Amino acid sequence: MQKDFTKFANQRFLKTVNWKVLGKLLTKHRAGLKNLDLDTLLADEVEGRKRITEYLLGSKDSYPDGLIQDLHRIVRLDSPTGMRLLQEEAERQEVVIIDPAVSPTATPRDYALVAFVEYPDVFKEAEHTSVFIAPPSVTEFDAGEDGIAASVTKEALEALRIRASGIFAADLRGKFCRVRDYVDDGELCIAVRHGAPPVSTEVIRGEEDEVIGFQEVDTAVISFVEATGRLTVWGCAKKRRGDLAEAFATEILGRPGVFKAASSQDLYTLAPVENSNGGFGFRIGDLDQIERVEITEAQANRVATNARTGREKTLFSVRVKDSEGSALRRLHESRTDISYGDNLWRLDHIIARIVLKTPGGRAPTISVTIKPPGSVTFPRVRHKKLVMALLKLNALTNDRRPIAAALAAE
């Protein structure tokens, strides 16, 4: 919460923030602002802005509880992604949050504040949608076949809610659980709102202090693409993502166990990189948005098989970083004994920097971490299709063969 305060209340923002909108936000919490004469301060912008800036940059302990909650919500959408969600929802509701012609330098924080105060319906819908935005790191599953139909009936969603409630209750998060489905660009998304870990804090009531307990709400998200059979889960502990995937497979797909096969998370590979012996370079093909791709980090592990368990273990690792984009080559130059294979070396991960084309100025980049068999980390909100196309072009995805081709091969 402290991070939210610091992010919202800073000198630069408070010098330019829309004075009337900020005034409306503070007026809403007039009863808790005991040391501020809002009527006088809001009538004189110069003196008022100075005094209110001093207040907001001062002790956060003086903030009323309601203002704390509002700032927390505003900061959630204080990002380029939040600004895009607000603009899209405003367009759907046929309103203009901020006219670009009037305020061409408006920031995401300006949009979030104005929407929260002036267009609460727009803000609420964008806030709901924001939980479906996948973070850079997610857990993915492959059903092993295409075209599995999802049954999103009221009864199926309720069954999923009950199972999810049990999953999170087992982690002492309580039985509170709500589900909400949403379709975005062909993907079925289900938000599972559940209790966060219990928290206790000391508070003051009058002249007495006491300890109170409370629980915030967390949101896990399940996203499924029928056309490809790919399931993505995020927003909860990794150890619970498989449980949610199984709950979804059972209650929504009617296919229990479809995401439990060992191959369901065998999604990515660095075999082409290993086979190049340090000479791998990304092909760009017809991906016109990309200028070049550089490898800025590479790690190789010396591995051996445990004779008793049959499991592979890492003996030691060598990691090389190179801001110039030649990390893989430098890794092999530093250890000429690297040879990939069983009981030899294994490439643990690489980090690729995708440099995008730009008409001028500093070229934008995308950082992608590829760690087989199941993890690829990058900013998914804007770049998912481009990054996945690049990985597929360079044979770094373990795509399933069509059933007919698989049978012919056997």
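Calculation notes
Residues numbered from 1 in each chain as written. Predicted model: local features only at pLDDT ≥ 70, side-chain atom pairs only at ≥ 80, totals over all residues. Heavy atoms only, no water. Helix = DSSP H or I, 4+ residues; strand = E, 2+ residues; numbered from the N terminus. Buried < 20%, exposed > 50% of the residue type's maximum accessible area, 1.4 Å probe, protein only. Contact = heavy atoms within 4.5 Å. Areas by Shrake-Rupley, 256 points an atom, 1.4 Å probe, with all protein chains shown as cover. Lys, Arg positive; Asp, Glu negative; His and termini not counted. Charge placed at Lys NZ, Arg CZ, Asp CG, Glu CD. Axes fitted to C-alpha atoms, helices over the stretch in contact; angles between N-to-C directions. Parallel < 35°, antiparallel > 145°, perpendicular 65-115°, else oblique. Left-handed = near helix turned anticlockwise from the far one by under 90°. Nonpolar A, V, L, I, M, F, W, Y, C, P; charged D, E, K, R; others polar. Expected span 1.5 Å × (residues − 1). Bend = angle between axes of the 7 residues up to and from the residue. Pairing = 2+ DSSP bridges. 1 Å grid on protein atoms, 1.4 Å probe; cavity = no way out; pocket = protein on both sides within 12 Å on 5 of 7 lines; lining within 4 Å. Points joined across faces, edges and corners; volume = space filled by probe spheres on them. Salt bridge = Lys/Arg side-chain N within 4 Å of Asp/Glu carboxyl O. Phe/Tyr/Trp six-rings, centres within 6.5 Å; stacked < 30°, edge-to-face > 60°.

K.L.:
Talk me through the overall build of the chain; I want residue IDs and the actual numbers.
P.N.:
Along the backbone of the chain there are 15 helices and 12 strands. Out of the 410 residues belonging to the chain, those deemed buried represent 42%. Residue pairs in contact within the chain that sit at least 24 positions apart in sequence constitute 65% of those at least 6 positions apart. Entry remark: accessible area of the chain is about 22600 Å², with carbon and sulfur atoms responsible for 49%. Considering the chain, the positive charge centre built from 58 side chains and the negative charge centre built from 59 side chains are found 4 Å apart.

K.L.:
Provide a residue-level description of the packing of helix α6 (residues 65-76) against helix α8 (residues 108-118), including the pertinent values.
P.N.:
Viewed as axis vectors pointing N to C, α6 and α8 meet at an angle of 130°, and their least axial separation amounts to 8 Å. Looking at the two axes, α6 sits oblique to α8. When the axes of α6 and α8 are compared, the crossing they make is right-handed. Only Ala112, Leu113 and Phe116 of α8 make contact with α6, whose side of the interface consists of Asp70, Arg73 and Ile74. Classifying every residue of the contact of α6 with α8 gives 4 nonpolar, no polar and 2 charged.

K.L.:
Give me helix α14 (residues 380-393): which residues, what numbers.
P.N.:
In a regular helix each residue adds 1.5 Å, so 14 residues correspond to 20 Å; α14 covers 18 Å between its end C-alpha atoms and thus fits that length. Residue Leu386 marks the point of greatest curvature in α14, where the axis turns by about 30°. Of all the residues in α14, the buried ones are Arg380, His383, Leu386, Val387, Met388, Leu390 and Leu391. Turning to α14, the residues buried within the fold contact β1 (139-142), β8 (290-305), β10 (345-356), β11 (365-371) and β12 (375-377). Phi turns positive one or two residues past the end of α14, at Ala395, with a value near 60°.

K.L.:
Run through the pairing of β1, naming residues and quoting values.
P.N.:
Burial along β1 is two-sided: the face carrying Thr139 and Phe141 and the face carrying Glu140 and Asp142 are both buried. Pairing analysis gives 4 bridges linking β1 to strand β7 (residues 230-234), with the strands arranged antiparallel. Its bridge partner being in β7, Thr139 is matched across the sheet by Val233.

K.L.:
So what's going on with the layout of surface pockets? Which residues, and what values?
P.N.:
Of the voids in this model, the second largest pocket is the one considered here, and its volume is about 1200 Å³. Lining the second largest pocket are 39 residues, and of these Asp185, Glu187, Val225, Lys384 and Lys385 sit closest to its centre. Residue contributions to the lining of the second largest pocket peak at 9 residues, all from α14. Counted by class, the lining of the second largest pocket contains 13 nonpolar, 9 polar and 17 charged residues.

K.L.:
Which residues make up the pattern of salt bridges, and what are the values?
P.N.:
One pass over the structure, following the stated rule, counts 23 salt bridges. Between Lys24 and Glu118 there is a salt bridge, with the nearest N and O atoms lying 3.0 Å from each other. A residue pair is termed long-range when its members are at least 10 positions apart, and Lys24 in helix α3 (residues 19-27) and Glu118 in helix α8 qualify at 94 residues. Judged by relative accessible area, Lys24 falls into the partly exposed class, the value being 45%. Residue classification places Glu118 among the partly exposed positions, given a relative accessible area of 31%. Its salt-bridge partner being Glu251, residue Arg163 comes within 3.6 Å of it at the nearest N-O pair. Separated by 88 residues along the polypeptide, Arg163 in helix α10 (residues 154-169) and Glu251 in helix α11 (residues 238-251) bring together distant segments of the chain. Glu251 gets classed as partly exposed once you look at its relative accessible area, which sits at 24%.

K.L.:
Provide a residue-level description of the sheet that holds β12, including the pertinent values.
P.N.:
Within the open sheet, the 5 strands sit side by side as β9-β8-β10-β11-β12. Their pairing is antiparallel. The two strands at the open ends of the sheet, each matched to only one other strand, are β9 (312-321) and β12. Geometrically, the sheet is characterised by an average inter-axis angle of 20° between neighbouring strands, direction not taken into account. Bridging between β10 and β11 involves 6 bridges; their strand directions are antiparallel. Looking across to β11, one finds that Val355 is bridged to Thr365.

K.L.:
Explain the packing of aromatic side chains to me, using residue names and the numbers behind them.
P.N.:
Evaluated as defined, the whole model comprises 6 aromatic pairs. Ring centres 5.5 Å apart and planes at 85° place the aromatic pair Phe316 and Trp345 in the edge-to-face group. Of this pair, Phe316 sits in strand β9 while Trp345 sits in strand β10, placing them 29 residues apart in sequence. Three or more aromatic residues joined by ring pairs make a cluster, and in this case those are Phe141, Phe224, Phe248 and Phe259.

K.L.:
Any details on the sheet that holds β7? Residues and values, ideally.
P.N.:
Spatial ordering of the open sheet is given by β1-β7-β6-β3-β2, a layout of 5 strands whose pairing is antiparallel. Strand pairing shows two members of the sheet lacking a second neighbour, β1 and β2 (177-184), which therefore form its edges. On average, each strand axis in the sheet is tilted by 20° relative to the strand beside it, whichever way the strands run. Of the pairings in the sheet, the one linking strand β3 (residues 187-195) to strand β6 (residues 217-225) comprises 8 bridges and is antiparallel in character. The partner of His194 across the bridge, within β6, is Asp218. Contacts between α10 and the sheet are confined to β2, β3 and β6, with β2 contributing the most and set at about 125° to the helix.

K.L.:
Go over the environment of Thr358, please, and point to the residues and values.
P.N.:
Position of Thr358 among the secondary structure elements: in the loop between β10 and β11. Looking at Thr358, the relative accessible area reads 32%, which means it is partly exposed. On a C-alpha basis, the gap between Thr358 and Ile370 in space is 25 Å, while along the polypeptide they are 12 residues apart. Excluding residues within four positions of it along the chain, Thr358 makes contact with Ala363 and Pro364.

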